[in-house]
Amino acid sequence: MGKVTGFLEFERQEEGYPAPELRKKNYKEFVIALSDDQAKIQGARCMDCGIPFCNNGCPVNNIIPDWNDLVYKQKWQEAIGVLHSTNNFPEFTGRICPAPCEAACTLGINAAPVGIKSIEHAIIDKAWENGWVVPQPAAVKTGKKVAVVGGGPAGLAAAQQLARAGHAVTVFEKSSRVGGLLRYGIPDFKLDKSIIDRRMKQLEAEGVTFKTSVYIGDVDLPKGINTDAKEKISPKALMKDFDAVVITAGSELPRDLPVPGRELDGVHYALEFLIPQNKVNAGDKLKDQITVGGKNVVVIGGGDTGSDCVGTSNRQGAKSILQIELMPKPPVQENKSVTWPYWPNKLRTSSSHDEGCQREWCVTTKEFKGENGKLKSMVIANVEWTKDEKTGQFKMSEVAGSEREIPAEAVFLAMGFVNPVASLLEGFGVDKDTRGNAKATTDGAGCYATNVPKVFAAGDTRRGQSLVVWAIREGRQAAREVDSYLMGTSVLPR
């Protein structure tokens, strides 16, 4: 451990932010990372507890106490070695992961947890600055070819692991650039896209081939799914040309809100707003970008995607921003005796909320109203949740007299994603579970394998909408299973 009494001597220190009025003038990353000395002090706070619950709280099982200790000792190069042993892309998770590891920190039971995420951020940034992140091409090629369908974090993690095992890996991405939601769903002010680009160069140097603007499927995509595809390849043709296929296309179908007026111009899925802005930031020229300058904006959904809509609306100069959520307002402070070491339900206020936003809970949308096909207002009402004592289920009912009409020229539906595009899985003949995800287990023999020989599924395609860190975990684990399938055994870590 770092310093035996460190957790008693030092307080948690957060990464810093410029003032909201400064940072919302542009789309640049604005987090002020910890200095070397600050990271050292945070590392000193790690208790090296007998059972490191942070390891289990982290989906990729980062060996957190070890690199905390190394940062305390300022052994940065050793620290990145330990960090990379479990996580292919700590520069992504160090920026955008909600840090379930910190929720599981033993110190967090009765004090502020160790700043694990900020230490991870500091380690990987120093590694890039010092040239310690280098390609690791396989010494021996296997002659086997693997297709990865989807260039998001799960696909990239699987591709890198498989390339390092010596396989010829091709990643197929229907967008014009690789990264999936990392690239298009997350705004630049949270994740600068040059961070993705430099990783792509490493993967290419390791032998991964990227084919962008290529759609794998036999039928057209449904509304709300982003694509820049200029070429279409049949799933059956892909299976014929490759020794194994890994489907990591994500859970892309957004949850809709079928209320009167849904068809009005001004009611959009969240990604119809976020993706074009990211493309414009990348230099693309678009004719139909959604902008909200001077408009009353309503964001429906209280999660991270909704928060990203808030931050982007602020930067575009929205007149007002209201974010509404159907569920009750979470408690400001969780009951740690009940929740620890699990992820707690509590109120979370993002940097985007701090930049300007009104938030309301227990609000339902009843109708969108407009003139000449354009959205002008919406009707909302308050609801209350009561528990049925017989069934234990919660029931929602509208609060009498709470219905009201509010101005709204732009509404963004940020209520999550329901499942992968069904036609993609059907094109491969892959069985689906009850939620519409690819059916594949993570236990026992044949992990991540679907019912179709040599076809595997991982990430949100298999587990449903989830975190980037879970996508990385599943991509890594699926790579090991594919390697074992192709070679009979595998030395890749699980």
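In case you missed it, the structure is sitting above this.
About the thresholds
Residues numbered from 1 in each chain as written. Predicted model: local features only at pLDDT ≥ 70, side-chain atom pairs only at ≥ 80, totals over all residues. Heavy atoms only, no water. Helix = DSSP H or I, 4+ residues; strand = E, 2+ residues; numbered from the N terminus. Rg over C-alpha atoms; globule rule 2.2 N^0.38 Å. Buried < 20%, exposed > 50% of the residue type's maximum accessible area, 1.4 Å probe, protein only. Contact = heavy atoms within 4.5 Å. Areas by Shrake-Rupley, 256 points an atom, 1.4 Å probe, with all protein chains shown as cover. Lys, Arg positive; Asp, Glu negative; His and termini not counted. Charge placed at Lys NZ, Arg CZ, Asp CG, Glu CD. Axes fitted to C-alpha atoms, helices over the stretch in contact; angles between N-to-C directions. Parallel < 35°, antiparallel > 145°, perpendicular 65-115°, else oblique. Left-handed = near helix turned anticlockwise from the far one by under 90°. Nonpolar A, V, L, I, M, F, W, Y, C, P; charged D, E, K, R; others polar. Core = buried A, V, L, I, M, F, W, Y, C linked by side-chain atoms within 4.5 Å. Patch = residues over 30% accessible without salt bridge, like charges linked within 9 Å, V, L, I, M, F, W, Y side chains within 5 Å. Salt bridge = Lys/Arg side-chain N within 4 Å of Asp/Glu carboxyl O. Pairing = 2+ DSSP bridges. Expected span 1.5 Å × (residues − 1). Phe/Tyr/Trp six-rings, centres within 6.5 Å; stacked < 30°, edge-to-face > 60°. Lys NZ or Arg CZ within 6 Å of the ring centre and 35° of its normal.

As a further point, take the overall build of the protein. Helix and strand content of the protein: 20 helices and 18 strands. For 494 residues, the compact-globule estimate of 2.2 N^0.38 gives 23 Å, and the C-alpha radius of gyration of the protein, at 23 Å, lies within 12% of that figure. Within the span of the protein, comprising 494 residues, buried residues form 52% of the whole. Taking the contacts inside the protein whose residues are at least 6 apart along the sequence as the reference set, 68% of them involve residues at least 24 apart. Of the accessible surface of the protein, which amounts to about 21800 Å², a share of 51% is contributed by carbon and sulfur atoms. Charge centroids of the protein, computed over 62 positive and 60 negative side chains, lie 2 Å from each other.

Time to look at the side chain of S118. Here S118 lies in helix α9 (residues 116-129). For S118, the residues in contact, after removing those within four places along its chain, are E15, L34 and E102.

Here we come to the packing of helix α3 (residues 36-44) against α9. Interaxial distance between α3 and α9 falls to 10 Å at its minimum, and their mutual angle equals 135°. By the criterion of interaxial angle, the relationship of α3 to α9 is oblique. When the axes of α3 and α9 are compared, the crossing they make is left-handed. In this structure, α3 uses D36, A39, Q42 and G43 to contact α9, whose residues at the interface are I119, A122 and K126. Split into classes, the residues belonging to the contact of α3 with α9 amount to 3 nonpolar, 2 polar and 2 charged.

Counting 66 residues, the largest nonpolar core has W67, I123, L182, L191, F210 and V482 as the members making the most contacts within it. If sequence neighbours within four positions are ignored, V482 has contacts with V146, L162, A244, V246 and F456. Counting residues in hydrophobic clusters, the runner-up holds 20 residues, among them I233, F242, A249 and V455.

Glancing now at a nonpolar patch on the surface. On the surface, a nonpolar cluster with roughly 240 Å² of combined accessible area is contributed by L326, M327 and M396. Looking at the element boundaries, M327 is found in the loop between β10 (320-325) and α16 (336-339). Since its relative accessible area comes to 40%, M327 is described here as partly exposed.

The strand order across the open sheet built from 5 strands is β3-β2-β1-β6-β18, with neighbouring strands paired in parallel fashion. Each end of this open sheet is capped by a strand with a single partner; those strands are β3 (209-212) and β18 (455-457). Between one strand axis and the next, the sheet turns by 20° as a mean value, whatever way the strands run. Where strand β6 (residues 244-247) and β18 come together, 3 bridges link them in parallel fashion. If you follow V245 over to β18, its bridge partner there is V455. Relative to the sheet, helix α10 (residues 153-164) contacts β1 (145-149), β2 (168-173), β3 and β6, its axis offset from that of β2 by approximately 165°. Against the sheet, helix α20 (residues 468-487) makes contact with β1, β6 and β18, and its axis sits at roughly 165° relative to β6, the strand it touches most.

Note on helix geometry: an α-helix contains 3.6 residues per turn, so any two residues three or four positions apart are oriented the same way. In a regular helix each residue adds 1.5 Å, so 20 residues correspond to 28 Å; α20 covers 28 Å between its end C-alpha atoms and thus fits that length. Counting buried positions along α20 yields 14 of 20 residues, so the element is predominantly enclosed. In the segment just after α20, G488 is the residue with positive phi, at about 90°.

What the 5 strands build is an open sheet, ordered β8-β16-β9-β10-β11; its pairing is parallel. Every interior strand has two partners, whereas the edge strands, β8 (267-269) and β11 (358-361), have only one. Put simply, the sheet's adjacent strands are angled 20° from each other on average, direction ignored. Where strand β9 (residues 296-300) and β10 come together, 5 bridges link them in parallel fashion. By the bridge assignment, V299 is partnered in β10 with Q323. Taken strand by strand, helix α14 (residues 270-281) contacts β8 and β16 (410-413), and its axis lies near 70° from that of β8. In the packing of helix α15 (residues 304-316) onto the sheet, the strands contacted are β9, β10 and β16, and the crossing angle to β10 comes to about 175°.

Next up on the list: the packing of α10 against helix α12 (residues 194-205). Two elements in contact, α10 and α12, have axes whose closest approach is 10 Å; the angle formed by their N-to-C orientations is 30°. As judged from the angle between their axes, α10 and α12 are roughly parallel. Like other packed secondary-structure pairs, α10 and α12 cross with a definite hand, here left-handed. Across from L156, Q160 and R164 in α10, the residues of α12 making contact are R199, M200, Q202 and L203.

On to the packing of aromatic side chains. In this structure the tally under the stated criterion is 7 aromatic pairs. Both rings, one in Y17 and one in F30, keep their centres 5.6 Å apart while their planes meet at 75°; by these two values the pair is edge-to-face. One end of the pair, Y17, is in the loop between α1 (6-9) and α2 (20-23); the other, F30, is in the loop between α2 and α3, and 13 residues separate them in sequence. Joined through ring pairs, the aromatic side chains of Y17, F30 and F189 make up one cluster. Geometry around W76 places K126 over its ring, the cationic atom sitting 5.2 Å from the centre. Stacked on the ring of Y269, the Lys or Arg R262 has its end atom at 5.0 Å from the ring centre.

Think of it this way: side chains of opposite charge can pair up when their charged atoms draw near. Inspection of the entire model under this criterion finds 30 salt bridges. Here E14 and R12 are joined by a salt bridge, their closest N and O atoms 2.7 Å apart. Among the salt bridges present, the one from K232 reaches D220, with a minimum N-O distance of 3.6 Å. Of this pair, K232 sits in strand β5 (residues 231-233) while D220 sits in the loop between β4 (214-216) and β5, and the two are 12 residues apart along the sequence. Judged by its relative accessible area of 66%, D220 falls in the exposed class. One salt-bridge network, in which partners are shared between bridges, spans R12, E14 and E102.

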